[in-house]
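Coordinate analysis (summary)
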Protein chains: 2
Amino acid sequence: MGNEDIEWDPYDPNCPSRQLVDRIGDRWTVLVIGVLSDGPARYRDLADRVAGISPKMLSQTLKALERDGLVVRQAFAEVPPRVVYELTEAGQTLRPVLLELERWARKHMPGVLEARERYDASAQG
Amino acid sequence: MGNEDIEWDPYDPNCPSRQLVDRIGDRWTVLVIGVLSDGPARYRDLADRVAGISPKMLSQTLKALERDGLVVRQAFAEVPPRVVYELTEAGQTLRPVLLELERWARKHMPGVLEARERYDASAQG
């Protein structure tokens with residue numbers, strides 16, 4: 001309730017919105033939300049699609065997203081037990097934002113790599 | 001040149017675009033680009049406006065952005081010497097993307113804090 005009235009300001013070091021920017025801009029968050037935006041997924045599917053993520057990092061990322069109310073974890077009492085992760089409504093609003101980030105990175109990668117080569121060459125000279 | 005032909009894929013652990021997502025989603029990058037989007041700024045201005053950033057972290061962030069070709073550093077031979085940082089054309093294309101990230105964080109902060117309280121309360125129970 002009272003939270004609605006606060007002016008959140010990531011430029012203020014004491015504001016929790018500063019942390020949130022970090023969290024959602026993290027590579028694993030971007031990639032996990034990307035996979036879940038195609039629909040609910042099991043842990044195994046996520047591990048396969050986000051190649052190279054360690055089990056520990058995937059569990060941490062999912063737990064942080066669940067705690068922030070962006071992902072919901074559903075456990076089905078089956079044999080073997082089935083656990084499915086799904087974006088919440090709030091999590092779905094994050095998707096287009098992170099998709100733009102992903103698109104920007106794909107599009108500007110060549111320019112960034114060229115800039116790095118130039119920078120490193122001039123730093124040596 | 002050849003870089004243009006590559007399919008950049010942040011889901012591939014060997015693709016440099018995966019790093020780039022991290023870098024640009026970093027809180028300091030988001031805030032520094034935010035300040036520079038108002039126009040060129042001196043080191044001192046940046047340190048003032050991004051409250052709480054350490055000098056070391058500000059220097060590192062600026063150097064990384066310069067190396068990636070997103071920020072340009074201009075030194076004027078004056079007394080005392082004046083150094084000004086400015087977004088490049090590529091850096092300017094990043095601005096709307098990061099502004100959306102910042103907006104999302106401001107808007108969803110109350111919901112995220114409430115979700116955390118619920119999560120932490122149920123974890124204790």
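These numbers come from a predicted model, not from an experiment.

Right, let's get into the relation of the copies chain A and chain B. Both copies of the chain are related by a screw-like operation: a rotation about an axis and a shift along it. By a simple turn and slide, chain A fits onto chain B: the slide is 0.0 Å along the axis, the RMSD is 0.0 Å, and the turn is 180 degrees. In the structure described here, the two chain copies are related by an operation that fits a two-fold rotation axis. For chain A, the smallest separation between a C-alpha atom and the rotation axis is recorded for A:Gly25, amounting to 1.9 Å. Both copies share a contact surface, since 100% of the interface residues of chain A are interface residues in chain B too.

Two numbers describe how helix α2 (residues 27-36) of chain A lies on helix α1 (residues 17-25) of chain B: the axes approach to 8 Å, and their chain directions differ by 110 degrees. Taken together, α2(A) and α1(B) sit at an angle that is classed as roughly perpendicular. Packed against α2(A), whose contacting residues are A:Arg27, A:Trp28, A:Val30 and A:Leu31, the element α1(B) presents B:Arg18, B:Val21 and B:Asp22 at the interface. Looking at the contact of α2(A) with α1(B), its residues break down into 4 nonpolar, no polar and 3 charged.

Attention shifts here to the side chain of B:Asp68. If you trace the backbone, B:Asp68 turns up in the loop between α4 (55-67) and β2 (71-76). Look at B:Asp68 and you get buried, because its relative accessible area is 2%.

Moving on to the pattern of salt bridges. Summed over the entire model, instances satisfying the criterion amount to 18 salt bridges over all chains. A salt bridge links A:Glu102 to A:Arg106, with the shortest nitrogen-to-oxygen separation between them at 2.9 Å. Of this pair, A:Glu102 and A:Arg106 are both found in helix α5 (residues 89-124), 4 residues apart, which corresponds to roughly one turn of the helix. A relative accessible area of 28% means that A:Arg106 is categorised as partly exposed. One salt bridge in this structure joins B:Arg95 and B:Glu102, with 3.9 Å as the shortest N-O distance. Both residues of the pair, B:Arg95 and B:Glu102, count as buried.

A separate point is the confidence of the model for chain A. Overall, the prediction assigns chain A a mean pLDDT of 88, with 94% of residues at 70 or greater. For chain A, helix α1 (residues 17-25) of chain A is the element with the lowest average pLDDT, namely 79, and strand β1 (residues 41-42) of chain A is the one with the highest, namely 96.

Residue and element names in this part refer to chain A. If you trace the 3 strands from one edge of the open sheet to the other, you get β1-β3-β2, paired in antiparallel fashion. The outermost strands of the open sheet, each flanked by one partner alone, are β1 and β2 (71-76). Across 2 bridges, the pairing between β1 and strand β3 (residues 82-87) is antiparallel. Following the sheet pairing, arginine 42 is matched in β3 by valine 84.

Reading the values: rules and limits
Residues numbered from 1 in each chain as written. Chains lettered and ligands numbered in written order. Predicted model: local features only at pLDDT ≥ 70, side-chain atom pairs only at ≥ 80, totals over all residues. Heavy atoms only, no water. Least-squares fit on C-alpha atoms with pLDDT ≥ 70 in both. Contact = heavy atoms within 4.5 Å. Axes fitted to C-alpha atoms, helices over the stretch in contact; angles between N-to-C directions. Helix = DSSP H or I, 4+ residues; strand = E, 2+ residues; numbered from the N terminus. Parallel < 35°, antiparallel > 145°, perpendicular 65-115°, else oblique. Nonpolar A, V, L, I, M, F, W, Y, C, P; charged D, E, K, R; others polar. Buried < 20%, exposed > 50% of the residue type's maximum accessible area, 1.4 Å probe, protein only. Salt bridge = Lys/Arg side-chain N within 4 Å of Asp/Glu carboxyl O. pLDDT = per-residue confidence, 0-100. Pairing = 2+ DSSP bridges.

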